[in-house]
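The chain contents come next:
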Amino acid sequence: MTESFRRDGEYEQYENPYQGARQHSSPVNPEWPPPPAYRPAQAEPVSAAPGTPAWPGGPQPMAGGEGGGDGGGTAVLPTVPAEPAPGTAPAARKRARGPFALLAAVAIVAAAIGGGTAYAFQELTGTDTAASSSTTTSVVPSSKKGDVASIAAAVSPSVVEVSATLSNGTSTGSGVIITSGGEIVTNNHVVSGAQSIKVTTSDGKSYTAKVVGTDSKKDLALIKLEGASGLKPATLGNSSGVKVGDTVVAIGSPEGLSGTVTSGIVSALDRDVTVSTDESQGQQQGGGDGNWPFQFGGRQFNGDTGSSTTTYKAIQTDASLNPGNSGGALIDAGGNIIGINSAMYSASSSSGSSSSDAGSIGLGFAIPINTVKADLATLRSGSTS
């Protein structure tokens, strides 16, 4: 405290300010209690109303009062620290522990954030970001890795049926949900030339969808559901880690049978598959023999691909794929999407047999998911190449 508690003439004057107990006689103002004549053995903190002096200690030397009692000095009242309550650590030790407590708090918060950064960021900021992982991440429990039933249960809610209305027919395929707000990846040939698009989720709900962007050279398209929220996005894996012989599961809507699950292995990698980029070719998905035409190994399958084609490197699988699986998911043993199913060989088109003989003979092809991820920004920009 820096205010003076002695005013000229308010106290009796002594030649020796330390003369006995009389050195602190009562102030002129009777409302001020006299200070104690000695320092208490233990002082407690004193609370005082504004303007009321506090006397936490005993008599103190008066600054400027060495030459006599002229009353012009300022009383120096050093703060007397209160003794800590039983069981309470000294203040210095509390401060010493401060940085450690702070570090512990930061570690706890970091651990909490680490488990759900993507989800929290997406939900709190409204950002729609596709979930992504490496092939070492398991969407299914590690004890169920490779179990087809567990993979199907975990991923089926993320696969939808896509029905496109065309100028002279319909096209039925599949799609993979990549954001909770309804972004869906499918094949370009499924929605090419579509006048309207209807999407049905695994729980039977139907939505209208609009094309966001297309890339005919990679046979990819991005569509967006209208008024959708809270959907379950699939986890996009890492197709560069896929090996021949790996277990895979395919989910799609062959012949309109939504949620159909088949399984097999990766039978080859980096197959050059050629598909049509003509808009009219997409209509064959729902008409004629119902098989998407493609070329492989210098030969043409499932109809005429036309004059405008594109070729991409594909994952080959013996998991059964049929018309309607296009745009669906090819999934690894951990439940991660490693490819978008795009083409399949059907014996009927090359042998001249009836449509009743059509079906998969173990030659299916999927666009690697790394190709999809690399193309997402272009698709989201609205490109329609």
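Residues numbered from 1 in each chain as written. Predicted model: local features only at pLDDT ≥ 70, side-chain atom pairs only at ≥ 80, totals over all residues. Heavy atoms only, no water.

### As for the overall build of the protein chain
In terms of regular secondary structure, the protein chain is built from five helices and 16 strands. The buried share among the 385 residues of the protein chain stands at 39%. If you take every contact in the protein chain between residues at least 6 apart in sequence, the share linking residues at least 24 apart comes to 66%. As displayed, the protein chain has an accessible area near 19500 Å², and 53% of this comes from carbon and sulfur atoms. (Helix = DSSP H or I, 4+ residues; strand = E, 2+ residues; numbered from the N terminus. Buried < 20%, exposed > 50% of the residue type's maximum accessible area, 1.4 Å probe, protein only. Contact = heavy atoms within 4.5 Å. Areas by Shrake-Rupley, 256 points an atom, 1.4 Å probe, with all protein chains shown as cover.)

### Things to note about the environment of Asn-370
Considering the arrangement of structural elements, one finds Asn-370 in helix 5 (residues 369–380). The class of Asn-370 is partly exposed, set by a relative accessible area of 27%. In sequence terms Asn-370 and Ser-240 are 130 residues apart; their C-alpha atoms lie 7.3 Å from each other.

### Focus: helix 2 (residues 148–155)
Residues of helix 2 that are buried: Ser-150, Ile-151, Ala-152, Ala-154 and Val-155. Close packing links the buried residues of helix 2 with strand 3 (159–166), strand 9 (247–252), strand 10 (260–276), strand 14 (329–331) and strand 15 (337–346).

### Side note on the pairing of strand 7 (residues 206–215)
Sheet analysis places strand 6 (residues 196–200) next to strand 7, joined by four bridges and oriented antiparallel. Paired with Ile-197 across the strands is Ala-209, a residue of strand 7. The hairpin turn running from strand 6 into strand 7, its antiparallel successor, is five residues long, and Gly-204 in that turn takes a positive phi close to 90°. Sheet topology places strand 7 next to strand 8 (residues 220–225); six bridges connect them, and they run antiparallel. Residue Asp-215 lies in a different strand from strand 8, and its bridge partner there is Leu-220. Between the antiparallel neighbours strand 7 and strand 8 lie four residues, among them Asp-219 with a positive phi of about 55°. (Pairing = 2+ DSSP bridges.)

### Let's talk about unusual backbone geometry
You will see that Asp-219, though not glycine, has its phi angle at about 55°, which is positive. In this fold, Asp-219 is placed in the loop between strand 7 and strand 8. The class for Asp-219 is buried, based on a relative accessible area of 1%.

### Points about the side chain of Asp-375
Assignment of secondary structure puts Asp-375 in helix 5. Exposure remark for Asp-375: the relative accessible area of 3% places this residue in the buried category.

### A few points about the confidence of the model for the protein chain
Fine structural detail should not be taken from predicted coordinates in areas where pLDDT scores are low. Mean pLDDT over the protein chain works out to 74, with 55% of the residues at or above the 70 mark. When the criterion is pLDDT under 50, residues 1–7 qualifies, and its contacts beyond four places in sequence or with other chains add up to 16 contacts. (pLDDT = per-residue confidence, 0-100.)

### A word on the pairing of strand 6
Remember that side chains alternate between the two faces of the sheet whenever the strand is regular. Residues of strand 6 alternate between two faces, with Ile-197 and Val-199 buried on one and Ser-196, Lys-198 and Thr-200 left unburied on the opposite face. As defined by bridge partners, strand 3 adjoins strand 6 across five bridges and the pair is classed as antiparallel. Following the sheet pairing, Glu-161 is matched in strand 6 by Thr-200.

### Some details on the nonpolar core
Residues Val-155, Val-185, Val-273, Phe-294, Ile-331 and Ile-337 are the most contacted members of the largest nonpolar core, which totals 32 residues. Once residues within four sequence positions are removed from consideration, Val-185 is found in contact with Gly-175, Val-176, Ile-178, Leu-220, Ala-221, Leu-222, Gly-327, Ile-340, Val-372 and Leu-376. Counting residues in hydrophobic clusters, the runner-up holds 15 residues, among them Val-162, Val-191, Val-199 and Ile-223. (Core = buried A, V, L, I, M, F, W, Y, C linked by side-chain atoms within 4.5 Å.)

### A short note on the environment of Ala-221
Here Ala-221 shows up in strand 8. Ala-221 sits in the buried class, given a relative accessible area of 0%. A sequence separation of 158 residues divides Ala-221 from Leu-379, and the C-alpha atoms of the two residues are 7.0 Å apart. Residues contacting Ala-221, with those up to four places away along its chain left out, are Ile-184, Val-185, Thr-186, Asn-187, Asn-188, Val-191, Gly-213, Thr-214 and Leu-379.

### Overview of the side chain of Thr-201
Inspection of the secondary structure puts Thr-201 in the loop between strand 6 and strand 7. A polar side-chain atom of Thr-201 sits 2.4 Å from a polar atom in the side chain of Asp-203. What Thr-201 contacts, discounting residues up to four positions off in sequence, is Val-160 and Tyr-207. (Polar contact = N/O pair within 3.5 Å; in protein donor to acceptor, adjacent residues only side chain to side chain.)

### Let's talk about the sheet that holds strand 7
Here six strands make up a closed barrel; going around it, the order is 3-4-5-8-7-6 and the pairing antiparallel. Averaged over all neighbouring strand pairs, the angle between strand axes comes to 40°, with direction disregarded. Across eight bridges, strand 3 lies against strand 4 (residues 169–177) in antiparallel orientation. In the strand pairing of strand 4, Val-160 is matched with Gly-175. Here helix 5 sits on the sheet in contact with strand 5 (183–186), strand 7 and strand 8, set at roughly 60° to strand 8. (Axes fitted to C-alpha atoms, helices over the stretch in contact; angles between N-to-C directions.)

### What about helix 5?
Since the α-helix packs 3.6 residues into each turn, any two residues three or four apart lie on the same face. Spanning 12 residues, helix 5 covers 16 Å between terminal C-alpha atoms, matching the ideal 16 Å at 1.5 Å per step. Burial in helix 5 covers these residues: Ile-369, Val-372, Asp-375, Leu-376 and Leu-379. Projected onto a plane normal to the axis of helix 5, the buried residues spread over an arc of 145° and lie on a single side. Those residues of helix 5 that are exposed and angled more than 90 degrees off the buried face are Ala-374 and Ala-377. After helix 5 finishes, the residue Gly-382 shows a positive phi value of roughly 95°. (Expected span 1.5 Å × (residues − 1). Arc of directions from axis to C-beta.)

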